[in-house]
Amino acid sequence: MKKYIIIAAASLLAFTACKKDYLETTPEDSVAPATIFETTDNAKLAINGISRLMTKQYMSSQGYNGEGTIKTHYGTWPGNNSSRPYTGFNYIHNFTAYDQQNYYVDIFAWFYYYKLISNANTILAYIDDATGTDSDRNYIKGQALVYRAYCYFMLSQIYAPRWSSSNGGSAAAIPLRLEPSTEAMDKASLAEVYTQIYKDLDDAIALFEQSDYVRPAADFYLPDVTVAHAVYARAAATREDWNTVVTHAEAARKGHPLMGNAAYHDGFSTPNDEWIWGVYDAEDQTLYYYSFFAYAGSNASSGQCRNYPTLISKVMIDQIPDDDTRKDLFLIPESTDLYNSSTGKATSAWTKTVQAKYPVGTASTFGVDKYLFNTSTVYAYMQFKMRATFAPGGGSFHLFRSAEMLYLEAEARYNLGGQENTVRSLLETAVKPYNAGYACNASGAALLAELKLYRGFDLWAEGQDWFDLKRWGDNVSRKSWAEGGSCLEALAITYGPNEKNGWCYYAPLMETDYNEFFDK
């Protein structure tokens, strides 16, 4: 992905009045639309440019890097299934900044996704006039529509109410900007947002089918028809549109078989066939300490990972059978004598044992095959699932994979009723590659609980946890070490679906100060 163009278009007029460093998010190769859309070959570079925007440094703040930030700050850290031995990001973990309209975490997702939408809208406005084949034009237009649909879906998850709390979708959600314009605009209803998401994806699927172009495996970071189906399935689940989930979850899996046990243990930073859509990273384009794995990689040399590794929930992993090979990717202590009972920090003796057992990297021996960096602090229940491929914390990562589609289809069929045998079969399909003896015998509410448990474990740290809890209307409820969990006391909190503004971030002041139509 070395060649790309990022369209020189403002994502929102609101941001022209903000601090200068918020705007410094495009490289020197930004080009005006009139030049880009002379040919479809140039337009392909603009599509590549949107992909590049998904992994860039933003807001002059380490940790704000595009989709990696969405995974950590919005999807994983605020959820139930992970914690970190660090209180500096409590406002993220405990979702206490939802009403702080000047905080980076409140601003970022709005700024970021509307920036991508602006680029997609410009492509859609100009692509029909580009010189090239109909096949190329159709494919490019389909990709732009997928980007736009995905961005509006993500914005709705972060800034709009869950479907079950939206009065049939009539609740105000977010502005729907469908043209390359910065005009002030009122919020559309949540139903209107989903209608547009569905339309964009329907149109994209039709355009992909009209094109004879097939996405090469190496271009996993670009949308294709399976990506359109995957976005559709996830959006439909959040919309509680279960028949639609079944249709698109099945279609999204085509050509994307589940990864085997070896690939599952390979660090989640190298693309494989299960990845439906991902984000590209390479050493010649790395973000260094801004990268996703600089916050998520157990082997990263960044201070965040070396000093404050991500821990899996003891409450959750204790429910997973020991013959599930994925448990090998977490440091499960044999005794409480091995770590501090208040923080989880390993004793000196256990630290030495761990360093002797697991591959340890250094600045000169860095690699995805290493589970730790040589100066990493060891904690009980720390993870080895997410590992960087190059220093200090670089590597590609996925946005969608087939396992999620299996869980979504199983959840949909459970909610449709009368299909428990199929639900059990789908769950077994997802789990058996890693636990050959697994058999699902649950029914009723216990079946749904088992489905949620394995979904949370399989997709752990992949950016789904908090979003799942929100759409389900389930509590965030984390336990401290003293309570039998694996959280610092400051992170051991409980709050329900009707608290904290219904789990909706306020629109940032950068929008509300400019846009006359709404104040939050």
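Criteria and cut-off values
Residues numbered from 1 in each chain as written. Predicted model: local features only at pLDDT ≥ 70, side-chain atom pairs only at ≥ 80, totals over all residues. Heavy atoms only, no water. Helix = DSSP H or I, 4+ residues; strand = E, 2+ residues; numbered from the N terminus. Expected span 1.5 Å × (residues − 1). Buried < 20%, exposed > 50% of the residue type's maximum accessible area, 1.4 Å probe, protein only. Contact = heavy atoms within 4.5 Å. Axes fitted to C-alpha atoms, helices over the stretch in contact; angles between N-to-C directions. Parallel < 35°, antiparallel > 145°, perpendicular 65-115°, else oblique. Left-handed = near helix turned anticlockwise from the far one by under 90°. Nonpolar A, V, L, I, M, F, W, Y, C, P; charged D, E, K, R; others polar. Phe/Tyr/Trp six-rings, centres within 6.5 Å; stacked < 30°, edge-to-face > 60°. Disulfide = S-S within 2.5 Å. Salt bridge = Lys/Arg side-chain N within 4 Å of Asp/Glu carboxyl O. Core = buried A, V, L, I, M, F, W, Y, C linked by side-chain atoms within 4.5 Å.

### Some details on helix α9 (residues 225-238)
Item 1. With 14 residues, α9 extends 20 Å from end C-alpha to end C-alpha; this agrees with the ideal 20 Å at 1.5 Å per step.
Item 2. Burial within α9 is extensive, with 13 of its 14 residues counted as buried.
Item 3. The first or second residue beyond α9 is Glu240, which carries a positive phi of 60°.

### Thoughts on the environment of Lys452
Item 1. Along the polypeptide, Lys452 turns up in helix α18 (residues 444-458).
Item 2. By relative accessible area, which is 22% here, Lys452 ends up partly exposed.
Item 3. Residues contacting Lys452, with those up to four places away along its chain left out, are Trp472 and Asp474.

### A few points about the packing of helix α7 (residues 134-159) against helix α19 (residues 465-472)
Item 1. In the contact formed by α7 and α19, the axes pass within 10 Å of each other and the chain directions differ by 70°. One way to sum up the angle between α7 and α19 is to call them roughly perpendicular. α7 and α19 meet at a crossing whose hand is left-handed. On α19, the residues touching Met154, Ser156, Gln157 and Ile158 of α7 are Trp466, Phe467 and Lys470.
Item 2. When its residues are assigned to classes, the contact of α7 with α19 shows four nonpolar, two polar and one charged.

### Topic: the packing of aromatic side chains
Here the distance between the centres and the angle between the planes together describe a pair of aromatic rings.
Item 1. If you walk through the whole model with that rule in mind, you get 54 aromatic pairs.
Item 2. An angle of 80° between the planes, with centres 6.1 Å apart, marks the rings of Tyr113 and Tyr150 as edge-to-face. Note that Tyr113 is positioned in helix α6 (residues 104-126) and Tyr150 in helix α7, a separation of 37 residues in sequence. Taken individually, Tyr113 and Tyr150 each receive the classification buried, so the pair is uniform in this respect.
Item 3. Seen from their ring centres, Tyr150 and Trp277 are 5.2 Å apart, and the 75° between their planes marks the pair as edge-to-face. Taken as a pair, Tyr150 in helix α7 and Trp277 in strand β2 (residues 275-279) lie far apart in primary sequence, 127 residues in all. Taken as a pair, Tyr150 and Trp277 share a single burial class, namely buried.

### A word on the state of the cysteines
Item 1. Within the structure shown, the criterion is met by zero disulfides.
Item 2. Cys487 provides the cysteine sulfur closest to Cys305, a residue in no disulfide bond, and the two sulfurs are 18 Å apart.
Item 3. Here Cys504 stays unpaired: no disulfide links it, and the sulfur of Cys151, its closest cysteine neighbor, is 19 Å away.
Item 4. Judged by its relative accessible area of 6%, Cys504 falls in the buried class.

### A short note on the pattern of salt bridges
Item 1. Taken as a whole and judged by the stated rule, the model has 26 salt bridges.
Item 2. Among the ionic pairs, Lys44 bridges to Asp41, the shortest N-O distance being 3.9 Å. You can see Lys44 and its partner Asp41 sitting in helix α3 (residues 40-53), three residues apart, about one turn around the helix.
Item 3. The class of Lys44 is partly exposed, set by a relative accessible area of 34%.
Item 4. Among the ionic pairs, Arg413 bridges to Glu409, the shortest N-O distance being 2.8 Å.

### Side note on helix α16 (residues 402-416)
Item 1. With 15 residues, α16 should reach 21 Å at 1.5 Å per residue; the first-to-last C-alpha distance of 21 Å fits that figure.
Item 2. Within α16, 12 of the 15 residues are buried, which leaves the element mostly enclosed by the surrounding structure.
Item 3. Among all positions of α16, only Ser402, Ala403, Glu404, Met405, Leu406, Tyr407, Leu408, Glu409, Ala410, Glu411, Ala412 and Arg413 are buried.
Item 4. Of the residues flanking the end of α16, it is Gly417, one or two places downstream, whose phi is positive at about 85°.

### Some details on the nonpolar core
Item 1. Counting residues in each nonpolar core, the largest one holds 165 residues, and the members touching the most others are Tyr113, Ile123 and Ile197.
Item 2. Tallying contributions element by element places α7 first for this core, with 15 residues.
Item 3. Setting aside chain neighbours within four positions, we find Tyr113 in contact with Glu67, Ile70, Tyr150, Cys151, Met154, Leu155 and Ile158.

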